[in-house]
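# Fold and contact review
The chain contents come next:
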Amino acid sequence: MHAALRAWTELADGVYARPHTAQRLNVGLVVGAERCAVIDTRSSHGQGRDLARAVRAITPKPWVLVNTHAHWDHCFGNAVFTGAPIWGHPACARRLAVDGEAERRAARADALAEGDARLAEEVADVVITPPGRLVAGEAAIDLGGRRLWLAHLGRGHTDGDVVAEVEGVVFAGDLLEEGAPPDFGDAFPLDWPATLEALLPHLGAVVVPGHGGLLRRADAEEQAALHAEVARAAREAHAAALPVDRAAGALPLPPEAAEVALRRAWRQLDAEGRA
Ligand SMILES: [Zn+2]
């Protein structure tokens, strides 16, 4: 149930991914000559401390943090990395600063649903710590001798997804996942395909998704095609004013995910209609 202390996988010189049992979450580490970047910080102070120890097993260099988005399982470990500059999208910062308690409630509910009472308790004590270094478009973090490229390529899994790339290794956050359908809960299904199309040219041989096993470029292309089909079918069903349960059957997703995707897509289309 709790994060096993699993080893880092070195994907390129000084570029690592660390998979976790908890939430099947992936965290990244990029080591430069002067500092290191930690990409996502896990779900609680306890998990964050475990991560910090694992980083220190690789490098003693000062750290900067990157939050790929505002979901609790990616950023509730932030506070443990005391004083670290935290990079993230303005929408991610806003979500955590203005509505962090909603994120905490989601964390508690998700942890209890997964039978993880300890994590549900731990999230109550999390000091929610939003990013202060904002990246609305692109940014490059100088790590000493190498730069970590950050970019917001459009709305997708949330309105504030940031991807990171170095040495051809892309950390995609939850824009890409392995082993589960995409999470549409806070998503913008109509924008997600274009965001992935913008991401594809940046992909090298290996892609680190927010959750699950490492992906190859072909997997990412497949997911981009799936999102394009979801957006197309959602528009078509909206135009035909189909009920959600009938429309869901036309989407290449399990019924529950399809319904969430449709509701989110239709919300966008309704808003466009009102504009
Ligand atoms: Zn997420």
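Look a little higher up for the structure.
The notes below deal with the structure included here.

Conventions and cut-offs
Residues numbered from 1 in each chain as written. Predicted model: local features only at pLDDT ≥ 70, side-chain atom pairs only at ≥ 80, totals over all residues. Heavy atoms only, no water. Donors = N, O, S within 2.8 Å, 3.2 Å for Na, K, Ca; no water. Tetrahedral: all angles 85-135°; square planar, octahedral: opposite > 155°, others 65-115°. Helix = DSSP H or I, 4+ residues; strand = E, 2+ residues; numbered from the N terminus. Buried < 20%, exposed > 50% of the residue type's maximum accessible area, 1.4 Å probe, protein only. Pairing = 2+ DSSP bridges. Salt bridge = Lys/Arg side-chain N within 4 Å of Asp/Glu carboxyl O.

## Details of the coordination of the zinc ion
Reference geometry at the metal: tetrahedral coordination by four donors gives ideal angles of 109.5 degrees; octahedral coordination by six donors gives 90 or 180 degrees. Every protein donor of the zinc ion is listed here as H69 (NE2), H71 (ND1), H157 (NE2) and D174 (OD), and their distances to the metal cover 2.2 to 2.3 Å. Its 4 donor atoms give the zinc ion angles of 87 to 172° at the centre, a pattern that matches the irregular case. Here the donor residues for the zinc ion map to a single chain with the spacing H-x1-H-x85-H-x16-D. Here H69, found in the loop between β5 (63-66) and α2 (72-75), pairs with D174, found in the loop between β11 (169-171) and α5 (192-199); they are 105 residues apart in sequence, far enough to count as distant. For the pair H69 and D174, a shared accessibility class is recorded, and that class is buried.

## Overview of the sheet that holds strand β10 (residues 163-166)
Read across the open sheet, the 6 strands follow the order β8-β9-β10-β11-β12-β13; overall the sheet is mixed. Each having just a single partner strand, β8 (138-142) and β13 (215-216) make up the two edges of the open sheet. Judged from the 2 bridges that link them, β11 and strand β12 (residues 206-208) form a sheet pairing that is parallel. Note that in β12 the partner of V170 across the bridge is V207.

## What about the pairing of strand β9 (residues 147-151)?
Among the 5 residues that make up β9, 4 are buried, leaving the element largely enclosed by the rest of the structure. The sheet contact formed by β8 and β9 spans 5 bridges and is antiparallel. Across the sheet, the residue bridging to I141 is L148, located in β9. If you look at the hairpin formed by β8 and β9, you'll find 4 residues sitting between the two strands, and G144 has a positive phi there, around 90°. As defined by bridge partners, β9 adjoins β10 across 3 bridges and the pair is classed as antiparallel. Paired with W149 across the strands is E165, a residue of β10.

## Quick look at the pattern of salt bridges
Counted according to the given criterion, the structure contains 13 salt bridges. The partner of R18 in a salt bridge is D50, and the shortest N-O contact between them spans 2.9 Å. On the criterion of sequence distance, the pair formed by R18 in strand β2 (residues 15-19) and D50 in helix α1 (residues 45-56) is long-range, its members being 32 residues apart. Classification of D50 as buried rests on a relative accessible area of 8%. With its nearest N and O atoms 2.9 Å apart, the salt bridge here joins E103 to R95. Taking the relative accessible area as the measure of exposure, R95 reaches 26% and is therefore partly exposed.

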